[in-house]
Amino acid sequence: FLLREAYIQYGSAWVVVRIGQMASEYGVGMLANAGREDDNRFGVRRYGDIVDRALVLFTPFQGLWGPGHSLAPLTFMAAGDMVFRDENADFMDGDKAYMANAGLMYRHQKYENNVIFTYRNQEDDDGDTLEVYALNVNGRNRFVLDTMEGEGGKRVPNLSLKLDYEAAWLFGKTDRLQQLGSPDGLDVQSFGAVGRLTFEMAKVGLEAEVEVGYASGDNDAYDNESHAFSFDPDYNVGLIFFDEMLPLITARSAEISSDPAHLQVAPKGLDLIASQGKVTNTVYYFPQIRYTLKPGLVWMEKFKAMFGALLLSTPSPLAHSYYTFKNGGVATNYFGRETDSSFLGTELLLSAQGDFWVWPEHVGLSVRAQGGVFLPGDALANLDGNTPDPVYKGLLTLALMWR
């Protein structure tokens, strides 16, 4: 049992104040993700960032001139956090992480664009520290191109264009891990970004979307800088490579690097090598098509199908920690082959979901079946130059609903 949210809130035309424990997310969820399910994404979210937060949102122009003014959505944000749980800290395990946040936000019903600055200071249970600054720019924007007649004769959007984005720059220092050229820790300098462009045709229930993502990698494992950027593990990209293959490969890499038969003294921070489902050192292109049907049946409320094709490559050469060290610092992949390609592979994905009401309008079952195949690229080739066999995955999710 985990208490995710319990807070008190006061709101007026001028200010909103919220104090308590709450889920943490902003932008598209690339850097901070609340772990809530999203029907438009493949996979299952397993974690969710939770913070004990004091938050203030100040909307001066709404208070002065009312909600209809063009400057009314302009909001100033300030928040102080104690991290209860995220991918880098767990309060129940003795980690102490604190964040100070400030932001300028434009929060319109159709257009939201924000700039958020965060300072994080963390001390782990074992005494390791992290001090990092994050500049985050994000937005969700919807442009209505055409309307149609809805219920009661009201005009509702028919053709729409959506633009969602998030970009984050991280800089700071940490001694949670070391490289050969950094006995006293590392300077952190990394960058990640996501952009999604979606064309929606509401009348026929179709959406066409193109998503592009980037997470910087680290070209030099022997200096005192870390340039590797990682998405939040709940920002799902595909079903197979980041969710299944990379966590196992990197966990095995940490095991090999910590084996006394390979290294007499294992470098600090090997426990951080395992990816835990995070997107890192990646450039990806992810076109998708989604179809939603509302049949109007008493026992079935909605049916949704999705198809996607995910293309993966790396901005920095794929490198196994031990094999790269053994090869004199030349990037070497997980089969011990010098990395001569940046192409990781392709995932082909399919999903179908339906909501079935056993007791109409009160008790129902949401059924979601997902499947995919990953076709490995040349960056994963073995010593003979051959790529591994395709990897398949099926996922069935059942959720009981009542209202």
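Higher on the page you've got the structure.
Since we're looking at a predicted model, the values are computed, not measured.

## Some remarks on the overall build of the protein chain
Along its length, the protein chain carries 3 helices and 16 strands. For 403 residues, the compact-globule estimate of 2.2 N^0.38 gives 22 Å, and the C-alpha radius of gyration of the protein chain, at 23 Å, lies within 12% of that figure. Counting only C-alpha atoms, the protein chain reaches 75 × 45 × 40 Å along its principal axes. For the protein chain, with 403 residues in total, the buried portion stands at 42%. Within the protein chain, contacts between residues separated by at least 24 positions form 64% of all contacts whose residues are at least 6 apart in sequence. Of the roughly 20200 Å² that the protein chain leaves accessible, carbon and sulfur atoms contribute 59%. Across the protein chain, the centroid of the 33 positively charged side chains sits 9 Å from that of the 52 negatively charged ones.

## Brief notes about the pairing of strand β1 (residues 6-11)
It is a general feature of regular strands that their side chains alternate between the two faces of the sheet. Of the strand pairs in this sheet, β1 and strand β2 (residues 15-23) are connected by 6 bridges, and their pairing is antiparallel. In the strand pairing of β2, Y7 is matched with G20. In this antiparallel pair of consecutive strands, β1 and β2, the connection spans 3 residues.

## What to know about a nonpolar patch on the surface
A contiguous nonpolar surface patch, about 740 Å² in accessible area, is contributed by W14, V56, F58, L64, W65, L71, F76 and L104. For the nonpolar patch, the secondary structure elements donating two or more residues are β3 (50-58) and α1 (60-65).

## Notes on the nonpolar core
Of all hydrophobic cores here, the largest spans 43 residues; its most connected members are F229, F231, F241, Y284 and L312. In terms of residue count, helix α2 (residues 241-257) provides more of this core than any other element does, 4 residues in total. With sequence-adjacent residues up to four places away left out, F241 is seen in contact with L246, P247, L312, L344, E347, F374 and L380. With 6 residues, the next largest nonpolar core counts M22, V83, A89 and M99 among its residues.

## Points about a negative patch on the surface
On the surface, a cluster of negative charge is made up of D93, E123, D125 and D126. Within the fold, D93 resides in the loop between β4 (74-85) and β5 (96-107).

## Points about the pairing of strand β12 (residues 282-293)
Bridge count between strand β10 (residues 206-215) and β12: 10 bridges; the pairing is antiparallel. Directly across from A215, in β12, lies its bridge partner T282. Where β12 and strand β13 (residues 300-313) come together, 9 bridges link them in antiparallel fashion. Following the sheet pairing, V283 is matched in β13 by S313.

## Points about unusual backbone geometry
The backbone of N281 sits at a positive phi, close to 45 degrees, despite the residue not being glycine. The residue N281 is located in the loop between α2 and β12 in this model. Residue N281 is classed as buried on the basis of its relative accessible area of 14%. For E361, which is not a glycine, the phi torsion comes out positive at approximately 70 degrees. When you line up the elements, E361 lands in the loop between β14 (343-359) and β15 (363-376). A relative accessible area of 49% places E361 in the partly exposed class.

## Topic: the packing of aromatic side chains
Here the distance between the centres and the angle between the planes together describe a pair of aromatic rings. Taken as a whole and assessed by the stated rule, the structure comprises 14 aromatic pairs. Between W169 and F191, the aromatic rings sit 5.0 Å apart at their centres with planes inclined by 45 degrees, giving tilted as the arrangement. Here F191 lies in strand β9 (residues 186-201) and W169 lies in strand β8 (residues 155-174), a separation of 22 residues in the sequence. The class for W169 is partly exposed, based on a relative accessible area of 37%. The class for F191 is partly exposed, based on a relative accessible area of 24%. Connected via pairs of aromatic rings, a cluster forms that spans F117, Y119, Y133 and F171.

## Concerning the environment of L400
With respect to the secondary-structure elements, L400 resides in strand β16 (residues 391-402). Spatially, the C-alpha atoms of L400 and T339 are 46 Å apart, while their sequence positions differ by 61 residues. Beyond its immediate chain neighbours, meaning those up to four positions away, L400 contacts V363, G364 and L365.

## Remarks on the side chain of K304
Topologically, K304 is positioned in strand β13. Polar contacts involving the side chain of K304 include one to the side chain of N40, which spans 2.4 Å.

## Some thoughts on the side chain of S226
With respect to the secondary-structure elements, S226 resides in strand β11 (residues 225-226). For S226, a relative accessible area of 14% translates into the label buried. Those residues in contact with S226 that sit more than four places away from it in its chain are L186, D187, V188, Q189 and D218.

Here is what the cut-offs are and how they apply
Residues numbered from 1 in each chain as written. Predicted model: local features only at pLDDT ≥ 70, side-chain atom pairs only at ≥ 80, totals over all residues. Heavy atoms only, no water. Helix = DSSP H or I, 4+ residues; strand = E, 2+ residues; numbered from the N terminus. Rg over C-alpha atoms; globule rule 2.2 N^0.38 Å. Buried < 20%, exposed > 50% of the residue type's maximum accessible area, 1.4 Å probe, protein only. Contact = heavy atoms within 4.5 Å. Areas by Shrake-Rupley, 256 points an atom, 1.4 Å probe, with all protein chains shown as cover. Lys, Arg positive; Asp, Glu negative; His and termini not counted. Charge placed at Lys NZ, Arg CZ, Asp CG, Glu CD. Pairing = 2+ DSSP bridges. Patch = residues over 30% accessible without salt bridge, like charges linked within 9 Å, V, L, I, M, F, W, Y side chains within 5 Å. Salt bridge = Lys/Arg side-chain N within 4 Å of Asp/Glu carboxyl O. Core = buried A, V, L, I, M, F, W, Y, C linked by side-chain atoms within 4.5 Å. Phe/Tyr/Trp six-rings, centres within 6.5 Å; stacked < 30°, edge-to-face > 60°. Polar contact = N/O pair within 3.5 Å; in protein donor to acceptor, adjacent residues only side chain to side chain.

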